[in-house]
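Structural characterization, general
Read off the chains here:
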Amino acid sequence: MSQTNTSLLDEVMRWSQETCRQELKSVLPKLTSLHHESESWDDHIRILKIITDMFLPHIGSLELEDECFSKILPKAVTVFNTMMKEIIDQVGGLSSQNTELCALLRNIIQAMMQIIDAFSTCVRHVGSFEEAPDLDAIRSLPICVLKVLKETFQHCKDSEIVYCGRLSLVADLLQGLFKEAYSLQKSLLEVLDRISLDSRASEEEVSDIVTMIHTLLDICSVIANLDIALHANTWKFLIKQSLKYHSLVEEHLNHSDISNSLSDNLLVSFYNCIELAEQIKQAGLQESKQSTEYKLFQKTAKMCKFFANTLVHYIKEFKFFLTKHCRNFHQLYLQIVSKFPPSLVAPALPKDLSGELNAAALVPMDAFLLQLLPLRPFAEAVLQHDLRLSPEHELPHCLLLVNIMGQLACQPEEVLQLWYPGSQFSEDIPRLPLYQALFISFRRCYVERKVPVLLPGVMLKGQAQSEVSLHHHVCVHLCASVAALPPAYFPVLECCLVDAVLQADTQVALLATDVWCFTARYGTAELCLHHVLLIAQLVKACSSECYQLFHLGLLLRRMVFLMTPSHQMDLVTRFPPSEMENFAVWHHVLLRALSQDARNRVEMEIIGLCQNIMVEWQNGGFKLGQVGKVNGMLLSLLSVVRGPSPPEQCVLTAVRIVTQLWLRMSPDQLQTHPVLQCTMQLLLLVTAILVKNLESQVILQALLCLDAVVSQKCVDHLLLAALEFLASLGKIFVPPDNQSQILPRLSSLFEALLANKSWLLHQHALEAFSYFAENTNHEEVISQSLCMEEIKTQVVSYLSKTLKAQENLESQLQRLKQETTVIEQHNEKLENKVEVRLDAEAETVTHSEPCPKRARQESSAEEEYSRYIQTAESALKALQAVIEGKASTTAPPPQWLESRLHELQSLITHISSVRHTT
């Protein structure tokens, strides 16, 4: 600096405030010019301090920007940045031995503090005005101050890296620098808070506001880990300014950066809370409310709640500028909910800490969701067809859909149109109906259904709140949604229910069945009738060997209970039990669900038809091609005999049919013709119910057939029916004359089935044997069935209700995850293989029995001979067993037996002679 300029500064330094005021017009331009031209940091700071301390108080608000701020502040920012760069360049050589460099760096930091102090003086001067100045009158001040603040905070944040372990040499000055910057920001925000712009604001003023908001956003990203209070206050001011000038800045703000930053800060504080809570738990400090860790947790939880509520508020005000971020908001919701129970990846936290975290992050999610419901892109993100989520997000997504369903009740029609019906036009981005999406999501929560996870149940008056399964939780909320559903959306609901019932996942079908039954009870009796008729028609349309029939049959069985007596008679009229094609319908109906009149009619018609089928089969020569009809008849007969107190006439007819069929059964034919295995399965089930009404010879014949099939490899469902039959034998007393034939075979069968390696069959065998043992009078069967020590141990453990070693949760989850893949592949295979056609006339029914053409082919001479010989042989063997059993008793055979045997022998001789002559 020249000698003249130095003299001027020395002279000005001696002036009084009055002199400065008087010489302002003449000296200030010179000083600002010197400041702009100064090259030395010391000269710059000296001039800056003279202007701000001595002349600034005398500058009017209208002259501030043009005469002072615009001329000195940008240069001050440049000098400040140069100082920062100098520190970065020189800090590499810093050490305690290099006192000269240490002194240099400390002097630079002190100079930076002087510049910040000069800025503070400017801000305080503007803040001293009684009326808030126009933004144009100070426009350079906030922009320049915010630039300096950003650089200062960034330097403090990076100080450990910048000073490389030598931070202690300048730590005191850096702390002072941070405090000065902190104070400067606080003062600046107070000044800016007083300023107001209206709709007449110029483009430059709007641009300045937008720039300030974006710079504050940058500062927020810098100070996130420096100071909690500073971070929160900066965000508060940023959002406040955004809302204050909403209409002016909404089209200019970078909404993406603001919303993303809010979301990121929310997640960071949320995860920090979880980490702190786990540390507190591990250290056992949850009871110590005054510990440093607990206080830090509370502060972090408050920040988490602040960011959650702030994000909600911001979305509320600028939601239509945030539509492209709806997928991110969806993921944010899932990330937070996944860390709370009942999620399987949620950390186990102490109750108090969990409650505070719940209030901070989970509770605001309801308000968060409420703001997003009207946005089409959010509905498209949540309801997309090919949505693929990580396993830990499947349950949160399901709970999200349940939450949405609950909030729709108070939404306007245009919002309901987004969610309930799904996409309706080809140009729309495809989205599923809400109910369909919920069923799909529930299906994907396989692990959570199996564990099972538990959720808070609905609190009822006078009862404590209990925990319920995911199925229960979803079902209750689905039913509540149906109760509030506008009638216009009932067709969509019905389609979703049909689709869910026809899924291969049985629990999804069961959930849909529960909701469908609620819908029938909640609606009119006519609606219930309409649904039952539809379901009955679907049952008729199903193949006899498909999972859909099982699901639909369960639904039909439950729905009939909800019908009025008159409508039940309508069902009987529409699907007469006297017609064989309706066997499939009545097989699934529990007759105790019917009114007395309807039940009597159904029982009489079914029994009458069964008698006709048996007579027709007998008159036709017991042809194998007609066994399919016999099986259908047995299904219907089963529905009659398992009803409550069937009429005596029905029981007598059923006993005659069962007796006749058992005498026709041949063990040899069972292995040759699989259709007969189905016959035997049904026969065993009916026999188990009628066992007290049957003769010992019939039971013996059943055991003979059963012994033959158990010794061979046969289907599981036949063995399950066999176990039900064997268990029922505990209810009868075998006459002494037949005990030698029946009891040993009974013991042998139990022993074989208890040794079965299939866990399912083994479990059912334990149950059947336990039931038999509890009821039987023939205790010798029990001991004879337990010859093997291993089986005996298993039975004793079962009867003692001994628990096996419990699988730990981690192993269980790993196993269930592996099962999930296998089961889902199996279900998809089933769904791709089987198709239910609603049009019964176009249906192609696949039966396990031979088709009519095959039946005619089976009437060839050789096969016909073989069939009759097998039947005769089976009957004679059964007779031989009876005679041998009686031989050890005093009861002689009937007198006519010998003459009948001679007749049979003569018949055999005659057949043999005819054979030779031909």
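Here the structure is a predicted model, which means the values were calculated and not measured.

What follows covers the overall build of the chain. Counting its regular elements, the chain contains 44 helices and two strands. Taken against the 2.2 N^0.38 rule, which gives 29 Å for 918 residues, the C-alpha radius of gyration of the chain at 44 Å runs more than 25% over that of a compact globule. In terms of overall dimensions, the chain has C-alpha extents of about 155 × 60 × 60 Å along its principal axes. The contacts of the chain with a sequence gap of at least 6 include a subset with a gap of at least 24, amounting to 76%. Of the charged side chains in the chain, 77 are positive and 103 negative; the average position of the first set lies 4 Å away from that of the second.

Moving on, we get to the confidence of the model for the chain. Residues of the chain with pLDDT of at least 70 account for 92%, and the chain-wide mean is 88. Element-level mean pLDDT values for the chain span from 33 in helix H42 (residues 852-857) up to 97 in helix H15 (residues 326-337). Contacts for the low-pLDDT stretch residues 835-859, under 50 throughout, to residues beyond four places or in other chains number 29 contacts.

Given a rise of 1.5 Å per residue, 17 residues ought to cover 24 Å, and the 24 Å separating the end C-alpha atoms of helix H25 (residues 506-522) matches this to within 8%. For H25, the N-terminal capping position is held by Asp505, with its side-chain oxygen 3.0 Å away from the main-chain nitrogen of Gln507.

Among all residues save glycine, negative phi is the norm, and among peptide bonds the norm is trans. Of note, the amide linkage connecting Pro341 to Pro342 takes the cis form, showing an omega dihedral of 10 degrees. Its location among the elements puts Pro342 in the loop between H15 and helix H16 (351-362). Geometrically, the link from Val451 to Pro452 is a cis peptide bond, its omega value of -15 degrees lying close to zero. Tracing the sequence through the fold places Pro452 in the loop between helix H22 (446-450) and strand E1 (454-456). Located in the positive-phi region is Cys164, a residue other than glycine, with phi close to 45 degrees. Tracing the backbone through its elements, the reader meets Cys164 in the loop between helix H8 (159-162) and helix H9 (171-194). With a relative accessible area of 48%, Cys164 lands in the partly exposed category.

Our next topic: the packing of helix H30 (residues 596-619) against helix H32 (residues 648-664). The geometry of H30 relative to H32 is characterised by a closest axis approach of 10 Å and an angle of 25 degrees between their N-to-C directions. The orientation of H30 with respect to H32, classified from their angle, is roughly parallel. Note that H30 runs across H32; the crossing there is left-handed. Note on element contacts: H32 touches H30 through Cys650, Thr653, Arg656, Ile657, Gln660 and Leu661, opposite Glu603, Met604, Ile607, Cys610, Gln611, Met614, Trp617 and Gln618. Looking at the contact of H30 with H32, its residues break down into eight nonpolar, four polar and two charged.

We now examine a negative patch on the surface. Together, Asp134, Asp136, Glu203 and Glu204 make up a negatively charged patch on the protein surface. With respect to the element layout, Glu204 can be found in helix H10 (residues 203-223). The partly exposed category is assigned to Glu204, whose relative accessible area is 43%.

Right, let's get into the pattern of salt bridges. By the definition in use, this model includes 18 salt bridges. Between Glu605 and Arg601 there is a salt bridge, with the nearest N and O atoms lying 3.0 Å from each other. Taken together, the positions of Glu605 and Arg601, both in helix H30 and four residues apart, correspond to about one turn of that helix. Shared partners join several salt bridges into a network, and the residues in it are Lys49, Asp53 and Asp117.

Counting 298 residues, the largest nonpolar core has Phe55, Trp419 and Met633 as its most contacted members. Element by element, the count of residues in this core is highest for helix H6 (residues 99-127), at 15 residues. Every residue in contact with Trp419, bar those within four places of it in the chain, is listed here: Leu373, Phe378, Ala379, Val382, Leu383, Ile404, Leu408, Leu432, Pro433 and Leu434.

Moving on, we come to the packing of aromatic side chains. Enumeration according to the criterion identifies 17 aromatic pairs in this entry. Ring geometry for Tyr420 against Tyr435: centres 5.7 Å apart, planes inclined by 20 degrees, an arrangement best described as stacked. With Tyr420 in the loop between helix H20 (413-419) and helix H21 (434-444) and Tyr435 in helix H21, this pair connects stretches of sequence that are 15 residues apart. Here the aromatic rings of Phe750 and Phe769 are separated by 5.1 Å at their centres, their planes lie at 80 degrees, and the arrangement is edge-to-face.

Reading the values: the criteria
- Residues numbered from 1 in each chain as written.
- Predicted model: local features only at pLDDT ≥ 70, side-chain atom pairs only at ≥ 80, totals over all residues.
- Heavy atoms only, no water.
- Helix = DSSP H or I, 4+ residues; strand = E, 2+ residues; numbered from the N terminus.
- Rg over C-alpha atoms; globule rule 2.2 N^0.38 Å.
- Contact = heavy atoms within 4.5 Å.
- Lys, Arg positive; Asp, Glu negative; His and termini not counted.
- Charge placed at Lys NZ, Arg CZ, Asp CG, Glu CD.
- pLDDT = per-residue confidence, 0-100.
- Expected span 1.5 Å × (residues − 1).
- Polar contact = N/O pair within 3.5 Å; in protein donor to acceptor, adjacent residues only side chain to side chain.
- Buried < 20%, exposed > 50% of the residue type's maximum accessible area, 1.4 Å probe, protein only.
- Axes fitted to C-alpha atoms, helices over the stretch in contact; angles between N-to-C directions.
- Parallel < 35°, antiparallel > 145°, perpendicular 65-115°, else oblique.
- Left-handed = near helix turned anticlockwise from the far one by under 90°.
- Nonpolar A, V, L, I, M, F, W, Y, C, P; charged D, E, K, R; others polar.
- Patch = residues over 30% accessible without salt bridge, like charges linked within 9 Å, V, L, I, M, F, W, Y side chains within 5 Å.
- Areas by Shrake-Rupley, 256 points an atom, 1.4 Å probe, with all protein chains shown as cover.
- Salt bridge = Lys/Arg side-chain N within 4 Å of Asp/Glu carboxyl O.
- Core = buried A, V, L, I, M, F, W, Y, C linked by side-chain atoms within 4.5 Å.
- Phe/Tyr/Trp six-rings, centres within 6.5 Å; stacked < 30°, edge-to-face > 60°.

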